Amino acid sequence: MQKTLKRYFLVFTLPTLVAFALAFIIPFIMGVYMSFCEFTTVDNAKFVGVSNYVKAFVGSNSFVSALGFTVKFVIVAILSINILAFALALVLTKKIRGTNIFRTIFFMPNLIGGIVLGYTWQQMLNAILLKYQTTLVSNSTYGYWGLVLLMNWQMIGYMMIIYIAGLQNVPTDLIEAAKIDGATSWQTLINVTIPMVMPSITICTFLTLSNSFKLYDQNLALTAGAPMHRTEMMALNIVNTFYGKTGFQGVGQAKAVIFFIIVAAIGAIQLVFTRNKEVDQ
Amino acid sequence: MAKGSNTQIKEKQTVGQNIAFVILCLLVVAFLYPIIFILINSFKGKFYISKNPFALPNSETFAGVTNYVTGLTKNGFLSAIFWSFFITIISVALILLFTSMTAYYITRVKSKLASGLYYLFTFSMVVPFQMVMFTMTSLADKLHLNTPIGMCFLYLGFGAGLAVFMFSGFVKSIPLEIEEASFMDGCNPLQNYFQVVFPILKPTTITVAILQAMWVWNDYLLPYLVIGLSTKYKTIPVVVQLLVGSNGNKDMGAMMAMLVLAIIPIVIFYLACQKYIIEGVVAGAVKG
């Protein structure tokens, strides 16, 4: 069977491989090379060494403030989303009327695309801020908290569903045993439930981490980085570097490579974490 | 014993449960409010929206479906709805057909090439779009892929990572005996694949279809960069960004109506196959 199948290599793989090569492999290799070049189109690339990487960190429109803003955003987003989603999951596994309807509604924002979502929130937040004679883009603090709110709104339901699945796998006799031993509900939560759902917590933490870190659409729609690039996250900063000023494409590509390395590192750490958990069980 | 206590709980809701129920209801209002907000304002005359955005429309401010008519006709939104559907449906169909075949091949055939390809597909999942954005767009331009069909082909390439990864996981769990029987009966690999393997893959096919459909439907940067703003092939996110995001004289009413129209297909899709969507999204999260 293997031998017959082997002869069908092109029949089974050709369309995917051609598309994959054109959309990903070739652009990726070109991208790595061109991060060391100065260029305005792919045809006039001139090798310049690491100068793009230096420019990515110093000078105007550098990466540094976007990186700072992103990290500040990611930390608050991870904590708020996971705490709220976990709390909701706890409540919704407690046999309350209408649990399924609640789950359905809380999950829904997750499906709406970032651009549409961003503008919906922009309209609403600006209407609120208008009462105080200000707008979302007049102060970077508003943009920051607007983005945190929006991300919570979008991701809480998603994480909640994963936590619910985790909580339903906690054996009830463990909880009963803790109760018989006289543990309060808080003690049961801290000492029994949370250790048992650690795998879900790991998944949700990394999911919120990588989703918030790579955020682009919502950032573009809500503030587009205003005022003065101060609410600009990494992905938006990269796109603006590419298409904002001519002659900076090489710097944009170098930033993209750094961005890729950070994202890949997060993925690698996640892999290590989940592997370790599997051994424990 | 356990059953008895369960029915007791169902019969009598405790005070705590009632409080939780009320809090959850309030949260539902908070969750739905942004959507209610644009819905309310989409029925107001465009000059009344900024005056009192939180009021319900009254006889003076109510504008009927004028905003919807403007939104649909003036801004090319109608054609954007068509192209969004076109690109999403064709892309997902291509992804399901071709990546499942690829995944089947590289899982069943044990060779260095096959496992190398598997790692390459998995690797592509962690690469952010910005990394290949510029070079891919140039390449697509040169090869004249800047058409709706070309876009579908690019989506096949970008979607391949996750799709191959998920299909491979499932193919591994299919016992070889089933296929050996069909080979004995004289099926060639293609017949065997479409008659025996592909039907078994159905649960994963649904999951992959949902994940990819949501991604393609909502995607903004790829169609924006490849097709651009000037052509007639704009998708919904591109039109929304172009019209709502542009500065200057905005028709607030039409804007609200377009946001509502952009959300409606997703809500219908979600309510129609809610169970599959939640399962699919969670499966995608846990695996990816």
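Residues numbered from 1 in each chain as written. Chains lettered and ligands numbered in written order. Predicted model: local features only at pLDDT ≥ 70, side-chain atom pairs only at ≥ 80, totals over all residues. Heavy atoms only, no water.

K.L.:
Teacher, can you tell me more about the overall build of chain A here?
P.N.:
Scanning chain A from N- to C-terminus turns up 13 helices and 2 strands. At 23 Å, chain A has a C-alpha radius of gyration far larger than the 19 Å of a compact globule built from 281 residues. Counting the 281 residues in chain A, one finds 53% classified as buried. A fraction of 69% describes how many contacts in chain A between residues 6 or more apart in sequence connect residues 24 or more apart. A total of about 12600 Å² of accessible surface is found on chain A, and carbon and sulfur atoms cover 67% of it. Within chain A, one finds 18 positive and 9 negative side-chain charges whose respective centroids are separated by 6 Å. (Helix = DSSP H or I, 4+ residues; strand = E, 2+ residues; numbered from the N terminus. Rg over C-alpha atoms; globule rule 2.2 N^0.38 Å. Buried < 20%, exposed > 50% of the residue type's maximum accessible area, 1.4 Å probe, protein only. Contact = heavy atoms within 4.5 Å. Areas by Shrake-Rupley, 256 points an atom, 1.4 Å probe, with all protein chains shown as cover. Lys, Arg positive; Asp, Glu negative; His and termini not counted. Charge placed at Lys NZ, Arg CZ, Asp CG, Glu CD.)

K.L.:
Mind showing me how you'd approach the interface of chain A and chain B here?
P.N.:
When the parts of a complex come together, some accessible area is lost, and that lost area is often taken as the interface size. Contact residues are listed per partner, giving 86 residues for chain A and 95 residues for chain B. Here chain A meets chain B over a buried area of about 8300 Å², counting both sides, of which 80% is carbon and sulfur. A per-residue breakdown of the area chain A buries against chain B is headed by Met1(A), Phe12(A) and Leu111(A), which together make up 9% of the total. Viewed at the interface, chain B and chain A are joined by 1 salt bridge. The salt bridge partner of Lys142(B) is Asp43(A), with a shortest N-O separation of 2.5 Å. (Buried area = accessible area lost by both parts, 1.4 Å probe. Salt bridge = Lys/Arg side-chain N within 4 Å of Asp/Glu carboxyl O.)

K.L.:
I tried to follow the packing of aromatic side chains on my own but got confused; where do I start?
P.N.:
Both the distance between ring centres and the angle between the ring planes are used here to describe each pair of aromatic rings. Tallying each qualifying case throughout the model produces 49 aromatic pairs over all chains. On the basis of an interplanar angle of 25° and a centroid distance of 6.4 Å, the ring pair of Tyr118(B) and Phe165(B) is categorised as stacked. Of the two residues, Tyr118(B) is situated in helix α5 (residues 112–124) and Phe165(B) in helix α7 (residues 148–172); the sequence distance between them amounts to 47 residues. Clustering of aromatic rings is evident, with ring pairs tying together Tyr8(A), Phe9(A), Phe12(A), Tyr104(B), Tyr105(B), Tyr193(B), Phe194(B) and Phe198(B). Over the ring of Tyr144(A) we find Lys72(A), and its NZ or CZ is 5.1 Å from the ring centre. Sitting over the face of the ring of Phe21(B), Arg97(A) holds its NZ or CZ atom 4.4 Å from the ring centroid. (Phe/Tyr/Trp six-rings, centres within 6.5 Å; stacked < 30°, edge-to-face > 60°. Lys NZ or Arg CZ within 6 Å of the ring centre and 35° of its normal.)

K.L.:
Whenever I open this one, the domain arrangement of chain B confuses me. Can you help?
P.N.:
Here the domain parsing of chain B yields domain 1 (15–64) and domain 2 (77–237 + 267–287). Between domain 1 of chain B and domain 2 of chain B, the C-alpha centre-to-centre distance is 38 Å. (Domains from an automatic or database assignment.)

K.L.:
I'm lost on unusual backbone geometry in this one. Help?
P.N.:
Most of the time, phi is negative for any residue but glycine, and the peptide bond is trans. Residue and element names in this part refer to chain A. For the bond from Ala226 to Pro227, the omega torsion is -5°, close enough to zero to count as cis. Of note, Pro227 is situated in the loop between α11 (217–222) and α12 (234–244). The residue Gln133 is not glycine, and still its phi comes out positive at about 55°. Position of Gln133 among the secondary structure elements: in the loop between α6 (114–130) and α7 (140–168). Exposure remark for Gln133: the relative accessible area of 72% places this residue in the exposed category. Of note in this structure, Ala224 is not a glycine but carries a positive phi near 55°. As for its position among the elements, Ala224 is in the loop between α11 and α12. Residue class for Ala224 comes out partly exposed when judged on its relative accessible area of 40%.

K.L.:
I would appreciate a short explanation of helix α9 (residues 189–200) of chain B in the present structure.
P.N.:
Because an α-helix completes one turn every 3.6 residues, residues spaced three or four positions apart along the sequence face the same direction. Look at α9(B): 15 Å from first C-alpha to last across 12 residues, which is about the 16 Å you get at 1.5 Å a residue. In this structure, the buried side of α9(B) is in contact with α1 (2–6) and α2 (9–34) of chain A together with α4 (77–108) and α8 (176–184) of chain B. Measuring from the side-chain oxygen of the N-cap residue of α9(B) to the backbone nitrogen of Leu190(B) gives 2.9 Å; that N-cap residue is Asn188(B). (Expected span 1.5 Å × (residues − 1). Polar contact = N/O pair within 3.5 Å; in protein donor to acceptor, adjacent residues only side chain to side chain.)

K.L.:
Just to check I follow, could you spell out the side chain of Lys234(B) for this structure?
P.N.:
Its location among the elements puts Lys234(B) in the loop between α11 (221–226) and α12 (236–245). If near-sequence neighbours (up to four positions away) are discounted, Lys234(B) is found in contact with Ser79(B), Ala80(B), Trp83(B), Gly228(B), Leu229(B), Val239(B) and Leu242(B).

K.L.:
I would appreciate a short explanation of the packing of α6(A) against helix α13 (residues 252–272) of chain B in the present structure.
P.N.:
Relative placement of two packed helices is described by the angle separating their axes and the distance separating the axes. In the contact formed by α6(A) and α13(B), the axes pass within 10 Å of each other and the chain directions differ by 140°. If you check the angle between α6(A) and α13(B), you find them oblique. Helix-helix and strand crossings are classified by hand; for α6(A) and α13(B) the assignment is left-handed. Along the contact surface, α6(A) presents Val116(A), Tyr119(A), Thr120(A) and Gln123(A), while α13(B) presents Met252(B), Met255(B), Met256(B), Leu259(B), Ala262(B) and Ile263(B). Split into classes, the residues belonging to the contact of α6(A) with α13(B) amount to 8 nonpolar, 2 polar and no charged. (Axes fitted to C-alpha atoms, helices over the stretch in contact; angles between N-to-C directions. Parallel < 35°, antiparallel > 145°, perpendicular 65-115°, else oblique. Left-handed = near helix turned anticlockwise from the far one by under 90°. Nonpolar A, V, L, I, M, F, W, Y, C, P; charged D, E, K, R; others polar.)

K.L.:
What is the right way to read the side chain of Asp217(A) from this model?
P.N.:
Take Asp217(A): it is sitting in helix α11. This buried residue, Asp217(A), is left without a salt bridge; Lys214(A) holds the nearest opposite charge, at 12 Å.

K.L.:
Can you help me understand the environment of Asn41(B) in this one?
P.N.:
Residues and elements named next belong to chain B. By secondary structure assignment, the location of Asn41 is in helix α2 (residues 15–41). For the pair Asn41 and Met255, spaced 214 residues apart in the sequence, the C-alpha separation amounts to 9.6 Å. With residues near it in sequence (within four places) discarded, Asn41 still touches Ile49, Pro53, Asn67 and Met256. Of the polar contacts made by the side chain of Asn41, one reaches the side chain of Lys44; its length is 3.0 Å.

K.L.:
Whenever I open this one, a nonpolar patch on the surface confuses me. Can you help?
P.N.:
Taken together, Val50(A), Val54(A), Phe57(A), Val58(A) and Val64(A) make up a surface patch of nonpolar side chains, about 440 Å² in accessible area. Along the polypeptide, Val58(A) turns up in the loop between α3 (51–57) and α4 (63–92). (Patch = residues over 30% accessible without salt bridge, like charges linked within 9 Å, V, L, I, M, F, W, Y side chains within 5 Å.)

K.L.:
I'm lost on the nonpolar core in this one. Help?
P.N.:
Within soluble globular proteins, side chains that are nonpolar tend to cluster in buried spots. Counting residues in each nonpolar core, the largest one holds 180 residues, and the members touching the most others are Phe73(A), Phe106(A), Phe107(A), Met159(A), Met160(A) and Val240(B). If one sorts the elements of this core by residue count, α7(A) sits on top with 16 residues. Residue contributions to this core reach at least three from each of two domains, namely domain 1 (15–64) and domain 2 (77–237 + 267–287) of chain B. (Core = buried A, V, L, I, M, F, W, Y, C linked by side-chain atoms within 4.5 Å.)

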